[in-house]
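Residue strings, one per chain:
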Amino acid sequence: MSNLYAYLTSEAPVSRGQARLAQAYRRWLALKANPLALVGLAIVVLLLLAAALAPVIATHDPLAQNLDQRLLAPSAKHWFGTDALGRDIFSRIVHGTRVTLVIVLLVVISVGPIGLLIGTVAGYFGGWVDRVLMRITDIFLAFPRLVLALAFVAVLGPGIENACIAIALTAWPPYARVARAETMVVRNSDYIAAVRLQGASNTRIVLKHIMPVCIPSLIVRTTLDMAGIILTAAGLGFLGLGAQPPMPEWGAMIANGREYIFDQWWVATFPGLAICLVALGFNLLGDGLRDVLDAR
Amino acid sequence: MSDAITVSGLNVSFGTSHVVKDVGFTVRTGESYGIVGESGSGKSTILRALSGLNRDWSGAITIGGARQQAKRPPAFYRQVQMVFQDPYGSLHPRMTVDATLAEPVAIHALGDVDRRIDRALADVGLDGGFRFRYPHQLSGGQRQRVAIARALILEPSILLLDEPTSALDVSIQAEVLNLLSDLKAARGLTLVLVSHNLAVVGHLCGRVAVMKDGRIVEEASLEAIRSGDIREAYTRDLLAASRRAHGAISAA
């Protein structure tokens with residue numbers, strides 16, 4: 001154990017791998033010092049575990065209807081009660097983590113690279129490239145996210161994939177802006193001048209030297225944005241334009257519970273709490289990561 | 001001796017301000033040429049035009065016998081390299097020393113990365129323990145050594161130095177200057193050193209150009225400066241200021 005500690009904290013690493021591990025370890029120490037970030041991390045890990053082990057954790061089949069047992073209050077048998085079709089709400093929430101994660105991952109995978117590429121190219125080259133790319137970004141920024149997503153879903157048809165595409169199309173502009181702002185800061189720095197003096201091509205400079213500088217702030221931005229993405233997905237689900245029944249999506253579950261909210265409060269409350277908790281978790285983690293990754 | 005660098009009629013403007021005015025000088029192969037002047041006199045701008053970083057200049061620049069255009073061919077960068085003023089800003093904060101030094105080797109597809117990096121670090125007096133550190137784990141002097149190693153790993157014949165010691169502690173300055181003069185002797189480098197400090201220039205250079213407001217007002221040998229055999233009142237002022245700050249130049 002003490003060997004491992006010495007290996008990770010060595011001031012003179014002997015290989016690329018050790019240098020990278022030591023860097024990661026220093027960041028972990030910084031994150032560990034922030035209790036709120038750890039709470040966020042715990043929530044996110046919980047979400048990942050719930051998604052991975054959903055069939056084990058869930059007490060019932062999330063899709064099995066049982067009209068004899070509809071709208072039962074929380075009890076030992078149904079921890080969070082049952083909904084209007086007699087489905088176990090706890091099991092549906094647990095399985096809903098998968099839907100939520102799929103949406104978040106699809107959006108992040110498509111949004112991050114697009115925003116990063118557009119932002120760094122615009123920031124690095126400047127001039128008319130910058131003007132054209134940023135005006136396109138401005139156009140997308142001008143629309144409220146949910147409204148634009150609604151329009152896309154209306155055109156493409158409802159469904160979880162289309163909801164993801166719609167969210168991705170509306171989520172990339174802030175990423176491009178963050179990446180562009182970072183790029184403009186480092187573009188004229190001496191270390192970029194130095195690689196230019198080594199004869200590096202523009203493509204190489206953007207990919208290998210500018211992007212690594214932008215990535216930490218984009219990771220932070222993404223983590224903070226995940227809450228918003230989850231809420232938008234839930235909003236689309238609530239409006240019936242996201243995940244389609246009987247898929248256990250949290251927003252759609254709230255919509256189903258709306259009619260019974262005064263008499264059978266648990267139908268809408270538990271999925272609402274789940275959304276709240278996950279959004280909070282990502283936000284806390286994002287705040288913590290900002291402190292860790294921005295420290296230079 | 002042949003000429004490594006010939007500059008004539010060099011003009012550089014940024015917008016409406018005319019920063020370098022009709023500058024001309026010649027640096028012989030293997031010579032160390034100093035450019036001194038106060039900040040804003042245009043000395044660093046000349047260096048950036050020579051290196052190809054600044055492409056908006058007019059006049060004639062000949063390096064290694066070839067007339068240079070605004071855009072330089074890849075081979076140019078193996079011939080001419082530059083060390084920057086601020087070692088805190090000239091190393092990529094997210095790259096290890098190893099990655100920083102591997103980059104020029106990869107760009108020019110020279111191969112044999114490990115051996116080249118080990119040798120470049122040894123040449124600037126850093127042992128292998130520094131190879132996988134990040135810049136934030138290095139002191140200012142160590143960073144500047146890495147920056148020098150990065151410039152020399154392409155084995156250039158001409159090294160441009162933009163105030164290479166002014167961001168360092170006084171105790172480290174002499175160390176870095178000695179390293180540079182050792183490397184110059186070992187490799188037969190041609191140096192162009194820009195500084196506001198005559199003592200620093202005097203340590204390395206045989207010939208000095210004094211700049212004021214974008215013009216070279218005087219060019220003199222180090223001996224002439226040491227013996228006070230100078231024409232311009234401005235040079236005398238600069239010399240006096242430098243003596244006050246750093247003691248007699250002959251002590252260097």
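Use the structure listed above.
Residue positions are counted from 1 within each chain, in the order its sequence is given. Chains and ligands are labelled sequentially in the order written, the chains with letters from A and the ligands with numbers from 1. The predicted nature of this model means local features are confined to residues of pLDDT at least 70 and side-chain atom pairs, given and counted, to a pLDDT of 80 or more, with totals for whole chains, interfaces and linings taken over all residues.

Chemist: Even after reading the chapter, I still don't get the sheet that holds strand E8 (residues 190-195) of chain B, so can you show me in this structure?
Modeler: The strands making up a sheet associate through backbone hydrogen bonding, with each pair oriented either parallel or antiparallel. Residues and elements named next belong to chain B. For two strands to be treated as a pair, DSSP must find no fewer than two bridges joining them. Note on conventions: DSSP H or I runs of at least 4 residues are helices, E runs of at least 2 residues are strands, and numbering of each starts at the N terminus. Spatially, the six strands line up as an open sheet ordered E6-E7-E8-E3-E9-E10, and their pairing is mixed. The open sheet has two edge strands, strand E6 (80-83) and strand E10 (215-221), and neither has a second partner. Shown here is a sheet whose adjacent strand axes are inclined to one another by a mean of 20°, direction ignored. Summarising the sheet, strand E7 (residues 158-162) and E8 pair through five bridges and their orientation is parallel. Bridge pairing links Leu 159 to Leu 191 in E8. Inter-axis angles, ranging from 0 to 180 degrees, are taken between N-to-C directions of lines fitted to C-alpha atoms, where helices are fitted over the stretch in contact.

Chemist: When you look at helix H4 (residues 113-123) of chain B in this model, what are you seeing that I'm missing?
Modeler: What sets the pattern is the α-helix's 3.6 residues per turn: residues three or four places apart point alike. All names here are of chain B. Buried means a residue has 20 or more other C-beta atoms within 10 Å of its own C-beta, exposed means 12 or fewer, and partly exposed covers the counts in between; C-beta atoms are placed from the backbone. Inspection of H4 places Ile 117, Ala 120 and Leu 121 among the buried residues, and these make up the whole buried set. Seen end-on, H4 carries its buried residues on one side only, within an arc spanning 95°. Turned more than 90 degrees away from the buried face of H4 sit Arg 115 and Ala 122, all of them exposed. As for H4, its buried residues are in contact with helix H3 (97-107) and helix H5 (140-152). Of the residues trailing H4, Gly 125 is marked for its positive phi of about 80°. Think of the arc as the fan of directions from the helix axis to the C-beta atoms. Placing C-beta atoms from the backbone, we regard two residues as in contact once those atoms come within 7 Å.

Chemist: Would you mind going over unusual backbone geometry with me for this structure?
Modeler: Apart from glycine, the bulk of residues carry a negative phi angle, and the bulk of peptide bonds sit in the trans form. All names here are of chain B. Positive phi outside glycine occurs at Ala 109, with the angle close to 50°. Note that Ala 109 resides in the loop between H3 and H4. Using a count of 6 C-beta atoms within 10 Å as the deciding quantity, one classes Ala 109 as exposed. The phi dihedral of Asp 112 is positive, around 60°, even though this residue is not glycine. The residue Asp 112 is located in the loop between H3 and H4 in this model.

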